[in-house]
Every structure is written in structure tokens, then in C-alpha cells.
Amino acid sequence: CVTVIRGKISSADPEDEVMWLARPKDPPKLLCLCVVASSLSVGCSRRHKDAVALNNQGVEAMRREDGTSAEAHFAHAVRLDPDYAEAHYHLGLVHYYHLDEPEQALKDFETANQLAPKDVEVLFQLGRYHTREGNPARGCLLLDQALSLDWNHVRSWYYKGEAFRDLARPRD
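Bringing the overall build of the protein chain into the picture now. Looking only at helices and strands, the protein chain features eight helices and zero strands. Ordered by position from N to C terminus, the α and β elements of the protein chain give α-α-α-α-α-α-α-α. The contacts of the protein chain with a sequence gap of at least 6 include a subset with a gap of at least 24, amounting to 57%. Within the structure as shown, the protein chain displays about 9,000 Å² of accessible surface, and the carbon and sulfur contribution to it stands at 54%.

Structural data, given as C-alpha cells:
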């Protein structure tokens, strides 16, 4: 199944403003719409389709800066489809950036990473989390993994620099 991520995150951090605009792994929009339309009619379970709809509703709630509603949508999506990595990822975003629940966010991001270990955005969020929460060595390792998948992931480079600064390694 193919899912569509719509919208963008709203927060005080200006780097977050582009998080939702495009995912590097997304196909061109026209192709994406065709694939989504065909996957919705064939091959997806009803529970997964409902989880995708709830996930999109959660993204819309985040755009309105309604963290409580977003959390409810993402949590419901996870209950419907526990293997839906995008819902875990978004649940982590809402816990970390909107509800100030960093420990829960880490659990959500780690679950998303287990389900989608090559997702650059998940690796980036884990690396960013560890860098911000005082474990820059772990953050640097995760950001390196993200960069190994997408060398041009600018936000990973930025936070890798932050991690190096925290490790007092500015020349790396």
C-alpha cells in the first residue's frame, strides 16, 4: 500500500516548517495519485485504509496546532494498524513537538524505526531527539544513518553539526 503525507508541521523551530512538504521516497505526484487510487481499491485491508485516513486527519490537526486531537487520530491509527510506521512516526512528532512528552516520543520513533529502518525522516528525528536530549554521540550515529540513505538531507547535516559541537568536535 502507498500512503500520502499531507501538510506540514507547525512549531517554533523554523526547520520544522518543511518537514511535511515532501518525503524523498515519494514518487511524482501524478504517479502517486494513480498508485494511491489503485491501492485503495485493491490490496489494502480496510483497517489499513482507515488508519491512513486517521493519519491524514492527525496531520491536519497538527497543522491547526491541535496536538490533543492529532494524538487521538494517530493513536487510533496505530490501534487499527500496529505495523503502520507512518502513524508511529507522526505520533512521535506530536508527543515531542506539541505535547512535550519526550519519553513517549522516543518510544514512538523507535517503533517507527523498527517498522521502517530505512526511513530517512524517522532516523533524522531519532538523531535529532538524542542530540537535543543530551546524547549527541547516539544522535550523530543516527544522523549518519540518515545521511547514508540521503546524502542531501540538509536537516541531518545541521543536527550532525550540533551533535559535533556538543561533543566538542567542530572540525568533523
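Here the narrative resumes.
Side-chain pairing between opposite charges can occur once the charged atoms of the two side chains come close. Across all of its chains, the model carries six salt bridges by this definition. D144 is paired through a salt bridge with K160; the nearest N and O atoms lie 2.5 Å apart. Residue D144 is found in helix 7 (residues 136-149), and its partner K160 is found in helix 8 (residues 154-166); the two are separated by 16 residues along the sequence. In this structure D144 comes out as partly exposed when scored by relative accessible area, which is 31%. The closest approach of N and O atoms between R165 and E162, which form a salt bridge, is 2.8 Å. With a gap of three residues between them, R165 and E162 both fall in helix 8, about one helical turn apart. In this structure E162 comes out as buried when scored by relative accessible area, which is 19%. Taken together, the salt bridges that share partners define one network made up of E162, R165 and D166.

In total, this model carries six aromatic pairs according to the counting rule given. Summarising the aromatic geometry, the rings of W151 and W157 are spaced 4.8 Å apart at their centres and angled 85 degrees between planes, so their arrangement reads as edge-to-face. When its relative accessible area of 59% is taken as the criterion, W151 is described as exposed. Summarising the aromatic geometry, the rings of Y158 and Y159 are spaced 5.0 Å apart at their centres and angled 80 degrees between planes, so their arrangement reads as edge-to-face. Y158 sits in the partly exposed class, given a relative accessible area of 40%. Positioned above the aromatic ring of F124, the side-chain terminus of R155 is 4.7 Å from the ring centre.

What follows covers the confidence of the model for the protein chain. Confidence in the prediction for the protein chain averages 81 pLDDT; 73% of positions are at 70 or higher. Mean pLDDT across the secondary structure elements of the protein chain bottoms out at helix 1 (residues 29-41), with 38, and peaks at helix 5 (residues 102-115), with 98. Low pLDDT, under 50, characterises residues 1-42; the predicted model gives this stretch 75 contacts beyond four residues in sequence or across chains.

Moving on: the environment of L167. Within the secondary structure, L167 is located in the segment after helix 8. In this structure, the C-alpha to C-alpha distance between L167 and A137, residues 30 residues apart in sequence, is 7.2 Å. In this view, L167 contacts P136 and A137; residues no more than four positions away in its chain are not counted.

Moving on, we come to the side chain of K160. Judged by its relative accessible area of 13%, K160 falls in the buried class. Setting aside chain neighbours within four positions, we find K160 in contact with C140, L143, D144 and L147.

This next bit is on the nonpolar core. Ranked by internal contacts, the top residues of the largest apolar core, which has 30 residues, are F74 and F109. Looking at this core, the elements that each hand over two or more residues are helix 2 (46-63), helix 3 (67-80), helix 4 (85-98), helix 5, helix 6 (120-132) and helix 7. A total of seven residues in this core trace back to one element, the largest contributor, which is helix 4. Contact partners of F109, with chain neighbours within four places excluded, come to Y89, G92, L93, Y96, V122, Q125 and L126.

Rules and cut-offs
- Residues numbered from 1 in each chain as written.
- Predicted model: local features only at pLDDT ≥ 70, side-chain atom pairs only at ≥ 80, totals over all residues.
- Heavy atoms only, no water.
- Helix = DSSP H or I, 4+ residues; strand = E, 2+ residues; numbered from the N terminus.
- Contact = heavy atoms within 4.5 Å.
- Areas by Shrake-Rupley, 256 points an atom, 1.4 Å probe, with all protein chains shown as cover.
- Salt bridge = Lys/Arg side-chain N within 4 Å of Asp/Glu carboxyl O.
- Buried < 20%, exposed > 50% of the residue type's maximum accessible area, 1.4 Å probe, protein only.
- Phe/Tyr/Trp six-rings, centres within 6.5 Å; stacked < 30°, edge-to-face > 60°.
- Lys NZ or Arg CZ within 6 Å of the ring centre and 35° of its normal.
- pLDDT = per-residue confidence, 0-100.
- Core = buried A, V, L, I, M, F, W, Y, C linked by side-chain atoms within 4.5 Å.

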